[in-house]
Amino acid sequence: MDRTLVGSAKVEVRGGVFTVTSADDDATPLAVGPEPRIIGRRPGCHLVLADKKVSATHCEVMAVERGVRIRDLGSTNGTFVGELRIVEAVLQKAATIRCGDTELEFEPGGKERVAVSKSDQFGPLVGATPTMRALFEKLRVIAPTTVSVLVEGETGTGKELVAKAIHDESDRASKPFIVIDCGAIPPNLVESSLFGHEKGAFTGAVSKLVSPFVEAQGGTVFLDELGELPLDVQPKLLRVLAEQRLKSLGASGYVPVNVRVVAATRRDLLEDINRGTFRDDLYFRIAQARVTVPPLRARLDDIGPLVRRMMELAGKGHAFRRVTPEALDRLQRHDWPGNVRELKNLVSVALAYDRGGALSLSDHIDQQATRARRPAGGARVDGPYGDSKDEHDRVYFKALYDRTHGNLAEIARLALLNRETVRTYLRAHRIGGYSPSSK
């Protein structure tokens, strides 16, 4: 069922341009829009800097609603905005950025509207929030192409569903969709599990094993938890993807393969590149397109539609009429560390215990994982601090302080602000022992 939404969400982002100003670097200016862009030393980065003090993948920039978000990728020498070394920040005004010894000038641009889907579904995926509708539109564009896709997101967000939706909406839909869980393969069996082996190729190889890349001929291979792949196997996978052929263990010749690769990870592979645990050439080969699945706590308004869809799939769609408003409100105050997978398990348990009458899903929720996400005054703290009015500042930061148990770094991450700015607000509103005179 493909339902069309009435009206359209207005999703706008503010981009900008980064220009290298160091005299010894003639790199082309980098225009930043809604797609993430990487600045670093390695080929494949969107802005390649020759500076040896710049890390392989140094920082990532991306246009968001309030400006350009810049995120350090665990670089050796840090990313600086002016004199401040940042982990993550949002640039709204002209600024000087330093990566290693290289300086870049940032000039903000105007607003850019991001296309969103008119439907609240894409394949098995459900979501009416602007974030999900923007994701659906991106998937709609990507699916018919042949590019490899990297799906990023926390555990339980539905990354495999995204991969299957991409496959089902492509011209490979009638061909196999083969899943390889890289995190579940014993280290000594990774190579044979990926590329297959001949009978007698090694001790214990009592029969031939066909590579999943061969099984998926003409279709799609989904590499789940790609970041768990051992470093010594990564160049062999890269060779298969680049050459579209493979040789199984013990075989005398190569077999051609024709597959599309969609990979998923809960890890930050760009940071793993700097740690030396993931190859940058494999990353750039697979991440020809990147999509991020938001956590459930960032799309709380989708909980109702998700519950309805889960009940319909369980053959008990009528039960949704008995879910109380209080139960849905309670679900929206839960942290959802397990994301959509946790919600699905909760719905399954609730239906199993259902004996008629009001269906209070919240009876089965983990009480310890609940936080006051909607504090008094109506402020919500499941997203970054944008342009909240001054009278809401105290409520907003008090809720974040309580939620994170006073962890300054976590408050800064959730609010997309630097730590000193967070301290300023905590002092101003005397939160957690901070006062205007404290340091």
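Before reading on, note that the structure itself is shown above.
Keep in mind the model is a prediction, meaning the values are calculated, not measured.

## Things to note about the nonpolar core
Then comes step 1: Within the largest apolar cluster, 37 residues are counted, with the highest numbers of intra-cluster contacts made by Leu 194, Phe 213, Leu 223, Leu 226, Leu 237 and Tyr 283.
Then comes step 2: Contributions of two or more residues to this core are made by strand E15 (177-181), helix H3 (190-195), strand E16 (220-224), helix H5 (234-243), strand E19 (260-265), helix H6 (269-275) and helix H7 (280-286).
Then comes step 3: Once residues lying within four places of it in the same chain are set aside, the contact partners of Leu 194 are Ile 180, Ser 211, Pro 212, Phe 213, Leu 223, Leu 229 and Val 233.
Then comes step 4: In terms of nonpolar packing, the next biggest core, distinct from the first, is built from 23 residues, Leu 300, Ala 350, Leu 351 and Ile 365 among them.

## Focus on the layout of surface pockets
Then comes step 1: Volume-wise, the second largest pocket comes out at about 710 Å³.
Then comes step 2: In terms of lining residues, the second largest pocket is bounded by 31 residues, among which Gly 158, Leu 161, Val 340, Arg 341 and Lys 344 are the most central.
Then comes step 3: Across the lining of the second largest pocket, the residue classes break down as 16 nonpolar, six polar and nine charged.

## Description of the side chain of Arg 71
Then comes step 1: Locating Arg 71 in the fold gives a position in strand E6 (residues 67-72).
Then comes step 2: Among the residues examined, Arg 71 registers a relative accessible area of 16% and is labelled buried.
Then comes step 3: Among the polar contacts made by the side chain of Arg 71, one reaches the side chain of Asp 268 at a distance of 2.5 Å.
Then comes step 4: Setting aside its immediate chain neighbours within four residues, Arg 71 contacts Cys 59, Glu 60, Val 87, Glu 88, Asp 268, Leu 270 and Glu 271.

## Re the side chain of Asp 272
Then comes step 1: Tracing the sequence through the fold places Asp 272 in helix H6.
Then comes step 2: Within polar-contact distance, the side chain of Asp 272 engages the side chain of Arg 267 at 2.8 Å.
Then comes step 3: Setting aside chain neighbours within four positions, we find Asp 272 in contact with Arg 267, Thr 277 and Phe 278.

## Section: the packing of aromatic side chains
Then comes step 1: Counted under the stated rule, the structure contains five aromatic pairs.
Then comes step 2: Ring geometry for Phe 18 against Phe 106: centres 5.0 Å apart, planes inclined by 40 degrees, an arrangement best described as tilted. With Phe 18 in strand E1 (residues 12-20) and Phe 106 in strand E11 (residues 102-113), this pair connects stretches of sequence that are 88 residues apart. Comparing Phe 18 with Phe 106 shows no difference in burial state: the two are buried.
Then comes step 3: For the pair Phe 122 and Phe 136, a centre-to-centre distance of 6.4 Å together with 25 degrees between the ring planes defines the contact as stacked.

## As for the pairing of strand E3 (residues 37-40)
Then comes step 1: By the bridge criterion, three bridges tie E3 to strand E5 (residues 59-64) in an arrangement that is antiparallel. Looking at E5, one finds that Ile 38 is bridged to Glu 60.
Then comes step 2: The pairing of E3 with strand E4 (residues 47-48) spans two bridges and is classified as parallel. Bridging from a neighbouring strand, Ile 39 pairs with Leu 47 of E4.

Conventions we followed
All chains use their own residue numbering, which begins from 1 and follows the written sequence. In view of the model being predicted, local features appear only for residues whose pLDDT reaches at least 70, and side-chain atom pairs are presented and counted only at 80 or more, with totals across whole chains, interfaces and linings using the full set of residues. Values reported for side chains reflect all heavy atoms of the structure, with hydrogen atoms and water molecules removed beforehand. Only buried residues count toward a nonpolar core. Its members are Ala, Val, Leu, Ile, Met, Phe, Trp, Tyr and Cys residues joined through side-chain atoms within 4.5 Å. Accessible area is worked out with a 1.4 Å probe on protein chains only. A residue is then buried under 20% of its type maximum, exposed over 50%, and partly exposed in between. Think of it this way: any DSSP run of H or I at least four residues long counts as a helix, any run of E at least two long counts as a strand, and we number them from the N terminus. Contacts are assigned to residue pairs with any non-hydrogen atoms lying within 4.5 Å of each other. A 1.4 Å probe that fits into a set of points on a 1 Å grid over the protein atoms alone but cannot get out defines a cavity; an open set with protein on both sides within 12 Å along at least five of seven lines defines a pocket, and lining residues are those with an atom within 4 Å of a point. Grid points are joined across faces, edges and corners, and a volume is the space filled by probe spheres set on the points. In this classification, the charged set is Asp, Glu, Lys and Arg, the nonpolar set is Ala, Val, Leu, Ile, Met, Phe, Trp, Tyr, Cys and Pro, and all remaining amino acids, among them Gly, are polar. Pairs of N or O atoms within 3.5 Å make up the polar contacts considered here, provided that, within protein, one atom can donate a hydrogen while the other can accept it, and that residues adjacent in sequence are counted only when both atoms are side-chain atoms. Stacked, edge-to-face and tilted are the three classes for Phe, Tyr and Trp ring pairs, Trp counted by its six-membered ring, which pair at centre distances within 6.5 Å; planes under 30 degrees apart are stacked, over 60 edge-to-face, the rest tilted. In this scheme, strands are said to pair when DSSP sees at least two bridges between them.

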